[in-house]
Amino acid sequence: MNRLDMDPKPQTANLKPLTTDSGVEIKPVYTAPAPEREAPGEFPFTRGIQPDMYRGKLWTMRQYAGFSSAEESNKRYHYLLKHGTTGLSVAFDLPTQMGYDSDHELAEGEVGKAGVAIDTLRDMEILFDGIRLDSITTSMTINATASILLAMYIAIAKKQGCDLKNISGTVQNDILKEYAARGTYIYPPKPSMRIITDIFEYCIREVPKWNTISISGYHIREAGATAAQELAFTLSNGKAYVKAALEKGLDINVFGKRLSFFFNAHNNLFQEVAKFRAGRKMWAQIMKDFGATDERAQMLRFHTQTGGSTLTAQQPLNNVVRVAIQALSAVLGGTQSLHTNGYDEALGLPSEEAARVAVRTQQIIAQESGAPDTADPLGGSYYVESLTDELEKKAKEIIEKIDKMGGAVSAIEQGYIQKEIANSSYRHQQQVEKKERIIVGVNDYVIKEENQRQVFSVDESAAKIQKEKIKKVKQERDAQKASSALAEIETCAKENKNLMPAILNAVESYATLGEISQAMKNVFGEYR
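Residues numbered from 1 in each chain as written. Predicted model: local features only at pLDDT ≥ 70, side-chain atom pairs only at ≥ 80, totals over all residues. Heavy atoms only, no water.

The next subject is the nonpolar core. Formed by 124 residues in total, the largest nonpolar core has its most connected members in Met 124, Ile 489, Ile 516 and Met 520. Sorting elements by how many residues they give to this core places helix 4 (residues 146-159) first, with eleven residues. If sequence neighbours within four positions are ignored, Met 520 has contacts with Ser 147, Ile 148, Tyr 187, Ile 195, Ile 489, Leu 499, Ile 503 and Gly 525. (Core = buried A, V, L, I, M, F, W, Y, C linked by side-chain atoms within 4.5 Å. Buried < 20%, exposed > 50% of the residue type's maximum accessible area, 1.4 Å probe, protein only. Helix = DSSP H or I, 4+ residues; strand = E, 2+ residues; numbered from the N terminus. Contact = heavy atoms within 4.5 Å.)

Right, here's the structure in full:
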């Protein structure tokens, strides 16, 4: 048939409708002209926060690592640095995240399992042995006990003789998403927010290059949220932190520069790129509306981690492809730092081979894909521009609902955010079970797998080692000095003084993480 005889109009009427997981309809073709856009590096930073983006400097390649004891994790950090990682990201075990020492009865069975066990400054000294803190950036995924771990990091920097004005990194410090999606909270919301703003205030003065919070959408998405919900709930939490800091009397043009975000990257390449672009645009306007006039305080700077919940235990090598797609979306979307998951993480802690492949994935994108060659390479795409606008619209609608409830804290207390995440997670699982959403190797393209890979895991000896170390530290420390330092924390908590100097003093007296956490519990109580 001659092509001139064919119907020139696309036959789309009978095509099955497609939507993203946020409910955005995907048109078969996009033909409307893209709206006029600002240049990268210009407000509202839709196209990126730097004019040249990665042409000037690549994103930080940061690998999330930590397991068992400080000694074992230190070995992994040196391994990662040797293989090209340019920033460290510390995973802490659940007892550390929950404010329990390794010898506490509630820590039983969990010591060193989900991350490294840190009980005292002695552990932190071992963790960073041979690593100068003024030569790397470190991200610490810690929330309820963020003030304690940050104090330990500062104490190590002082011991190394580093100028605190030059050390940089990020502490997650995002407690609101713990109430909404993850659960590692200790204190009630009000004192938790007070501790966070104490960290803001202290770091502005003492550690000015430190990012005082990483407002996290990652765990919200892992719990089952859609891309639009991840964006909306995260930015709503961000608004709550800004309000709390302003109420404390802090300057938005100062603390705003040290706010950072942490997003998830899932498999829908174009939706994820659009999400990152929409997030920058929305946050810039939010900060401007709050009164920020310094452009650096209006910029949304973010770290990305590939989607842990997308990894499958079936055919685990398929995860190499998933991680590559997700990492590419983060780069095309303009991330400032990136962590790529190991392909075997659905089975257990990442093996050395998987960790190396994860690093190589970023290096291949950086050196071979061409993605970093121009800023916002998908800008102007009819599809991506439309998705950016649609995700912004949907996220704004959710934020407006939350604002009407009184903000993120109130919405969490009313259970709204938790319910919405649960409903989205349920819908996703139904789609998988009905094969409306295909997960390769799970509900289609299934094969019989006979050879199970060896799983890297932590045995119970980690707990025994930690208990012995705690006992030794308590025997060797100045008990009176430690006791006085803990009493000082309680006094500061009662008198509404900034807690960070007292916590740092307690850390340097080798008070344990559990003792410091308990001192604050004695005043603030515990959230149930």
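After that view, the rundown keeps rolling.
For the rest of this paragraph, the subject is the state of the cysteines. Cysteine pairs can be linked by a disulfide, which is a covalent bond between their two sulfur atoms. Within this structure, the stated rule accounts for zero disulfides. Take Cys 203: it sits in no disulfide, and the sulfur closest to it among the cysteines is that of Cys 162, at 15 Å. By relative accessible area, Cys 203 is classed as buried at 1%. (Disulfide = S-S within 2.5 Å.)

For the rest of this paragraph, the subject is helix 20 (residues 513-524). Note: α-helices contain 3.6 residues per turn, so residues at a spacing of three or four share the same orientation. With twelve residues, helix 20 should reach 16 Å at 1.5 Å per residue; the first-to-last C-alpha distance of 16 Å fits that figure. The buried fraction of helix 20 is high, at nine of twelve residues. What helix 20 keeps buried is the set Leu 513, Gly 514, Glu 515, Ile 516, Ser 517, Ala 519, Met 520, Lys 521 and Phe 524. Where the residues of helix 20 are buried, they touch helix 2 (94-98), helix 4, helix 6 (189-206), helix 17 (461-476), helix 18 (479-494) and helix 19 (500-508). Positive phi appears at Gly 525, one or two residues downstream of helix 20, with a value of about 80 degrees. (Expected span 1.5 Å × (residues − 1).)

What follows concerns the layout of surface pockets. Estimates place the volume of the second largest pocket at around 1,200 Å³. Lining the second largest pocket are 37 residues, with Asp 21, His 428, Gln 431, Arg 437 and Ile 439 positioned closest to its centre. Secondary structure elements with two or more residues in the lining of the second largest pocket: helix 7 (218-222), helix 10 (269-290) and helix 16 (416-433). Top element by residues in the lining of the second largest pocket is helix 16. It accounts for seven residues. For the lining of the second largest pocket, a count of residues per class yields eleven nonpolar, 17 polar and nine charged. (1 Å grid on protein atoms, 1.4 Å probe; cavity = no way out; pocket = protein on both sides within 12 Å on 5 of 7 lines; lining within 4 Å. Points joined across faces, edges and corners; volume = space filled by probe spheres on them. Nonpolar A, V, L, I, M, F, W, Y, C, P; charged D, E, K, R; others polar.)

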